[in-house]
Amino acid sequence: GRLHSHHRDLVGEDYCVWGPNYECYTTGWPSCCSSNATIADNSTAIAGNNTCPDLPEGILPPCELSTTTYTTSSFTTTVSDESSTTPAGLPNATLPVRETTTPATAADTTLSVLGSSYCTYAPDTSCYLTGWPACCSEGASTCPDQQPACEVSSTTIPSSPVTATIILGSDYCTYGPDYNCYSDGWPSCCIEDETTCPEEQPPCIPGASFCTYAPDTSCYETGWPACCSDDASTCPQNQPPCEITSTTSSLSPNTEIPVTAFTALTLPEGGLRTCNEVIEMDYPDNILPKEIILAILEGMIEQSYPVEAVEAGKEQMAALVKYDLRAHKICATCEEVNAMWEAKNACIDGEPCTSKSFASEVMTYCMESSFAYGRTMSGLLLEPIDSVTKDPIVGRVATTIFSDPTNPEPFNCPSETWPTDVVASPPMQIGAMATASSGTYTIVPDVLGNGEDWEGIRSYIVKTVYQASAVPLLLKLQNDVENNYNCTVLDKRINILGYSEGGYASVAIADAFDTLDDGYIHTFTGIGGAPIRLSTEQLYVIVEMHSNSYPFPPFIARLGNSDSST
């Protein structure tokens, strides 16, 4: 049937399905509700037809009877006259007897507020045989204050199939709206998620809707804010913060809490690889043949590409893999890189010095007072080798900086995990292996706090940490190639690649080379899965923290981060 004066999909919001009111209407409901309507499961209930008016919330059509009273003796097992028969669609449960008489005297013990006693609730045949507790039929004056427990066992199994009938009004979420008690007419849990509603109807507390929410004992000791129990009129407009916090402890101040200390970090057996040395491999001259590189890359394609794209992927890879490669562990410090830079860009007598003349102005992360000063940066260097001459490739060669995703273990870094046998133990740096075999010197930074700097602090998502971990390695490589190779020159072309934390690092490293202002050209910069625009995102988090009354210290930390250079 049609819902009247409704604004939510809530059972009970149509006055044609409210509990009967024999004080106003002959059948208990407005006459326009008398037509039967079929419900989704083919059971029937009183529902209005199209003649019922749409009225403001909580307003019913005018009473059709002049005076109706109910007495405590009116609950019987029969109906006293034809006009009080069970409304169509409801079970033949015992209903209150209607007496259309003059107003009752005090001796009649008139129940002036329908619904104020559970004996006047809508019938619930799923709980009581007659629809109401037995005491309501025997004499309501004998009924206890609290509604008796169900008389019908939930485990009762009928001997033959039955047709389920919707018992409208058996749940307080389907009662008629009460705007004096609840701002929306019903307890808030009925509107948000009826499954969270407590068994007992939340108390009537005008003006404090959160006092009618489902109880939350993880936040409040009684399930609701203290003001709901004391005097709801004193409750603030917004719900008070949790009274129970995660730091609440039942331990006495003198209770000793066992503390498990972290195991001291020690070097792996055999120590670290030597800086600026070739990494030994199980191949002649420690050179990895391009045929093995191609086989590893094709295996990756077969595992990760769609079947229809495998052959095309292999063709592309075969064109990409041109050279053998040799692996090195490369190391650098701010002190040596600063000296290299200033020797190369020294002021010329008689000419004004430029900002490029001072390393401290273009590499602030390597200033003497900086966090990186005095520490050793390390990384993996993959060098392209001519497959015929077995010498470094000649000509002008570009550089690739490839940054790995997060790995919290300081010794699980590229310079230490590169395997001696890449067939038996394929490396994580397959992408870096591909770029090196295509003809670029490829550096994979360990990141400060890892590798050679294992005793240092490992920071996360701080721009200058990634800049200090990569830029000195490239400057060191350029200097070494210039001083040791006659036919190879590293030019200013740079490819910068990374994923996840490595993607964030790639953005920071690209910015650092722009700051050097030394003619570097970004031929390709690729990032994936990176936590970018953190300042903006943290501002959103601050708003959320404020609106949800988060503890103050995290709020300040977030505010500081959002305004930082990271």
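So, here's what we can say about the structure. A quick note: this is a predicted structure, and the numbers were derived from the prediction, not measured.

1. Considering the state of the cysteines
- If you walk through the whole model with that rule in mind, you get eight disulfides.
- Note on cysteine connectivity: Cys-189 is disulfide-linked to Cys-197, with sulfurs 2.1 Å apart. Classification of the bridge connecting Cys-189 and Cys-197 rests on its S-S torsion, roughly 110°, and on that basis the disulfide is right-handed. With respect to burial, Cys-189 and Cys-197 carry one shared label: buried.
- The disulfide partner of Cys-275 is Cys-331, and the gap between their sulfur atoms is 1.9 Å. Taking the torsion about the sulfur-sulfur bond, which here is approximately -75°, the covalent link between Cys-275 and Cys-331 counts as left-handed. With Cys-275 in the loop between α3 (226-230) and β3 (277-278) and Cys-331 in strand β5 (residues 324-333), the pair connects residues that are 56 residues apart, well separated along the chain.
- For Cys-275, a relative accessible area of 23% corresponds to the partly exposed category.
- Its relative accessible area of 3% is what places Cys-331 among the buried residues.

2. Considering the side chain of Asp-324
- If you trace the backbone, Asp-324 turns up in strand β5.
- A polar side-chain atom of Asp-324 sits 2.6 Å from a polar atom in the side chain of Lys-390.
- Contacts of Asp-324, omitting those with residues within four sequence positions, involve Ile-287, Leu-288, Pro-289, Lys-290, Glu-383, Pro-384, Ile-385, Asp-386, Ser-387 and Lys-390.

3. Concerning the packing of helix α10 (residues 463-484) against helix α11 (residues 501-516)
- For the pair α10 and α11, interaxial distance at closest approach is 8 Å and the crossing angle is 65°. Where α10 crosses over α11, the two elements pack in a sense that is right-handed. Here α10 contributes Lys-463, Tyr-466, Gln-467, Ala-470, Val-471 and Leu-474 to the contact with α11, which in turn contributes Glu-501, Tyr-504, Ala-505, Ala-508, Ile-509, Asp-511, Ala-512, Phe-513 and Leu-516.
- Within the contact of α10 with α11, the residues separate by chemical class into 11 nonpolar, one polar and three charged.

4. Looking at the pairing of strand β10 (residues 521-528)
- As paired elements, strand β9 (residues 488-499) and β10 share seven bridges and run parallel to each other. Among the inter-strand pairings, Arg-493 is bridged to a residue of β10, identified as Ile-521.
- Taking the sense of rotation as the criterion, the β-α-β connection linking β9, α11 and β10 turns out right-handed.

5. Details of the packing of aromatic side chains
- What the rule picks out here adds up to three aromatic pairs.
- Stacked on the ring of Tyr-520, the Lys or Arg Lys-492 has its end atom at 5.0 Å from the ring centre.

6. Here's the deal with helix α4 (residues 290-304)
- End to end, α4 covers 21 Å across 15 residues, agreeing with the expected 21 Å (1.5 Å per residue, within 8%).
- Considered for burial, the residues of α4 that qualify are Ile-293, Ile-296, Leu-297 and Ile-301. All buried residues of α4 project into a common sector of 140° when viewed along the axis, lining one side. Looking at α4, the residues exposed on the side facing more than 90 degrees away from the buried face are Glu-291 and Gln-303.
- Close packing links the buried residues of α4 with β4 (287-288), α5 (310-320), β5 and α9 (430-437).

7. Considerations on the nonpolar core
- Within the largest apolar cluster, 43 residues are counted, with the highest numbers of intra-cluster contacts made by Met-363, Leu-477 and Phe-513.
- The element that contributes the greatest number of residues to this core is α10, accounting for 10 residues.
- If you look at the next biggest cluster of nonpolar residues, it comprises 25 residues, including Tyr-283, Leu-297, Ile-301 and Leu-382.

8. Topic: the packing of α4 against α5
- Across the interface, α4 lies against α5 with an axial gap of 9 Å and an inter-helix angle of 155°. The pairing of α4 with α5 is recorded here as roughly antiparallel in orientation. The chirality of how α4 crosses α5 is right-handed. Residues Leu-294, Leu-297, Glu-298, Ile-301 and Glu-302 of α4 touch α5, and the partners they reach there are Val-310, Gly-313, Lys-314, Met-317 and Ala-318.
- Split by residue class, the contact of α4 with α5 holds six nonpolar, one polar and three charged.

9. Concerning the pairing of β5
- Extensive coverage of β5 is indicated by the burial of 10 of its 10 residues.
- By the alternation rule, side chains of β5 split into Asp-324, Arg-326, His-328, Ile-330 and Ala-332 and Leu-325, Ala-327, Lys-329, Cys-331 and Thr-333, which are all buried.
- With two bridges connecting them, β3 and β5 associate as antiparallel partners. Within the sheet, the bridge partner assigned to Glu-277 lies in β5 and is Lys-329.
- Sheet topology note: the β4/β5 ladder contains two bridges and is antiparallel. Looking across to β5, one finds that Leu-288 is bridged to Leu-325.

What counts and how
- Residues numbered from 1 in each chain as written.
- Predicted model: local features only at pLDDT ≥ 70, side-chain atom pairs only at ≥ 80, totals over all residues.
- Heavy atoms only, no water.
- Disulfide = S-S within 2.5 Å.
- Buried < 20%, exposed > 50% of the residue type's maximum accessible area, 1.4 Å probe, protein only.
- Helix = DSSP H or I, 4+ residues; strand = E, 2+ residues; numbered from the N terminus.
- Polar contact = N/O pair within 3.5 Å; in protein donor to acceptor, adjacent residues only side chain to side chain.
- Contact = heavy atoms within 4.5 Å.
- Axes fitted to C-alpha atoms, helices over the stretch in contact; angles between N-to-C directions.
- Left-handed = near helix turned anticlockwise from the far one by under 90°.
- Nonpolar A, V, L, I, M, F, W, Y, C, P; charged D, E, K, R; others polar.
- Pairing = 2+ DSSP bridges.
- Right-handed = clockwise from strand over helix to strand, strands pointing away.
- Phe/Tyr/Trp six-rings, centres within 6.5 Å; stacked < 30°, edge-to-face > 60°.
- Lys NZ or Arg CZ within 6 Å of the ring centre and 35° of its normal.
- Expected span 1.5 Å × (residues − 1).
- Arc of directions from axis to C-beta.
- Core = buried A, V, L, I, M, F, W, Y, C linked by side-chain atoms within 4.5 Å.
- Parallel < 35°, antiparallel > 145°, perpendicular 65-115°, else oblique.

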